[in-house]
Amino acid sequence: MTPLPPLLGARRAPTDQSGDTAPDDSGVLPDAFDDALGDAELLAARAALAQGRWQVARSLLLHTGDDWDRRGHRATVLAAEPYAAAWSHEWLLAEPGSADAATLHALALVQRTLRGKDDADRAREACHTAATLAPADPTPWLGLLQLARTQGPEHEVLRTFAQLRERHPEHHHGHHLLVARLAERPQGGRAESHEVYDLAELAAAEAPADSPLAVLPVVAYAERYRVLAATGPTPGDPVGSGHWSGPRARRILRAAFDWWLEWEHDDHPRRHIDLNHLAFAMSSAGRPAEAAALFQRIGRHATRAPWSYPHRDAWQAFRTARSRALGRPLPEASFPEP
């Protein structure tokens, strides 16, 4: 087994898979599983891009600047639009030196590759081209990490993550992808001693106090549950699995929830992913009061992962857990059916 390199050692550098909701080739996602997660500017740009008006996406990425988590989130969601590759190619023809156009086109090719509609080597080449045009930007490396997470050997995942983290040490999406892949390593030792837990806790400890990476250990537990339940040792019902009953799990849940109460900000672009992971964990651990508070904050922004783990109907799992926590059924009109 390849040992983990010291990816998290330095504080800061100088400059039904998992972790994400699945793209829908129809171009229409129910509100409850919309990857845009309520970003109004992103929703407008995605709608315009679907009509071929790539100039709105151009303006959005330009004004996002070097807010790397937001840039990665917005570019990934835009890239999942079914015709993003075609329209970003049009943009690239109009502005051949545009790093934004190259990045969006590269991520669109990544999304097509993940859907089995394009060639991985072509997507990788596009990502490297975008990285050359914008050497400080972690977003092209996010595209490469998405490819490596599903199609590459582990050493490629680790090498790509190191490049991404060199550019943005607290990259939210990148850490989620890494944790999802490392959770698939075989178990060694006691149930709560898997190395993905160690890495996630270290990342949380090294991140700034207001970083959403504080929730990463909870994500690691969810990803490990996905693996264990899918391969047989753990029951497919998370509530009855006992996965969150150990002392380490209880400590991690308490620390993440306490952090959220004190530090949770409404401006992080992927905050609802963390909220859904926390609600899933609290529901599975039999903590309805904490889960209820999280469901109230989630509102309409349910995410497929982790509610789909291991192979469940995400919508039904979310509805059931929310009803149990709030003590009342979720009205049918509150969310569209997927």
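Our subject in this report is the structure included herewith. (Residues numbered from 1 in each chain as written. Predicted model: local features only at pLDDT ≥ 70, side-chain atom pairs only at ≥ 80, totals over all residues. Heavy atoms only, no water.)

## Topic: the packing of helix α6 (residues 120-133) against helix α7 (residues 139-151)
At a closest axis distance of 8 Å, the pairing of α6 and α7 adopts a crossing angle of 155°. Put simply, α6 runs roughly antiparallel to α7. Regarding α6 and α7, the two cross each other, and that crossing is left-handed. Taken together, the residues of α7 that come into contact with α6 (itself represented by Ala-120, Ala-123, Arg-124, Cys-127, His-128, Ala-130 and Ala-131) are Pro-140, Trp-141, Gly-143, Leu-144, Leu-147 and Gln-151. Looking at the contact of α6 with α7, its residues break down into 9 nonpolar, 3 polar and 1 charged. (Axes fitted to C-alpha atoms, helices over the stretch in contact; angles between N-to-C directions. Helix = DSSP H or I, 4+ residues; strand = E, 2+ residues; numbered from the N terminus. Parallel < 35°, antiparallel > 145°, perpendicular 65-115°, else oblique. Left-handed = near helix turned anticlockwise from the far one by under 90°. Contact = heavy atoms within 4.5 Å. Nonpolar A, V, L, I, M, F, W, Y, C, P; charged D, E, K, R; others polar.)

## Here's the deal with helix α2 (residues 54-64)
Within the sequence span of α2, burial applies to Trp-54, Ala-57, Leu-60, Leu-61 and Thr-64. Along the axis of α2, the buried residues cluster in a sector spanning 115°; they form a single face. More than 90 degrees from the buried face of α2, the exposed residues found are Leu-62 and His-63. In this structure, the buried residues of α2 make contact with α1 (40-50), α3 (68-79), α4 (84-94) and α5 (99-114). Immediately downstream of α2, the backbone of Gly-65 shows phi near 60°, a positive value. (Buried < 20%, exposed > 50% of the residue type's maximum accessible area, 1.4 Å probe, protein only. Arc of directions from axis to C-beta.)

## Here we look at the side chain of Gln-146
With respect to the secondary-structure elements, Gln-146 resides in helix α7. Discounting residues that sit within four places of it in the chain, Gln-146 has contacts with Thr-76, Val-110, Gln-111, Leu-114, His-173 and Leu-177.

## Brief notes about unusual backbone geometry
Glycine aside, negative phi is the norm for most residues, and most peptide bonds take the trans geometry. Omega for the peptide link from Ala-305 to Pro-306 comes to 10°, which places this bond in the cis form. By the secondary structure assignment, Pro-306 is in helix α15 (residues 304-307). Note that the residue after Tyr-309, namely Pro-310, is joined by a cis bond; omega there is -5°. For Pro-310, the position within the fold is in the loop between α15 and α16 (314-326).

## Topic: the layout of surface pockets
Gaps left between atoms are located by rolling a probe of water-molecule size over the structure's atoms. Counted as a void, the second largest pocket has a volume near 450 Å³. Lining the second largest pocket are 24 residues, with Asp-69, Asp-210, Ser-211, Pro-212 and His-268 positioned closest to its centre. Listed by contribution, the elements that provide at least two residues to the lining of the second largest pocket are α3, α12 (247-263) and α13 (271-284). With 4 residues, α13 is the single largest residue contributor to the lining of the second largest pocket. Residues of the lining of the second largest pocket, tallied by class, amount to 10 nonpolar, 4 polar and 10 charged. (1 Å grid on protein atoms, 1.4 Å probe; cavity = no way out; pocket = protein on both sides within 12 Å on 5 of 7 lines; lining within 4 Å. Points joined across faces, edges and corners; volume = space filled by probe spheres on them.)

## Topic: the nonpolar core
Counting residues in hydrophobic clusters, the biggest one holds 91 residues, and the most contacted among them are Leu-78, Leu-104, Val-179, Val-218, Leu-294, Phe-295 and Trp-307. For this core, the leading source of residues is helix α11 (residues 216-231), giving 9 residues. Setting aside chain neighbours within four positions, we find Val-218 in contact with Ile-252, Leu-253, Ala-256, His-277, Leu-278 and Ala-281. (Core = buried A, V, L, I, M, F, W, Y, C linked by side-chain atoms within 4.5 Å.)

## Side note on the environment of Ala-204
With respect to the element layout, Ala-204 can be found in helix α10 (residues 195-206). Between the alpha carbons of Ala-204 and Leu-216 there is a distance of 6.5 Å; along the sequence they are 12 residues apart. In this view, Ala-204 contacts Leu-213, Ala-214 and Pro-217; residues no more than four positions away in its chain are not counted.

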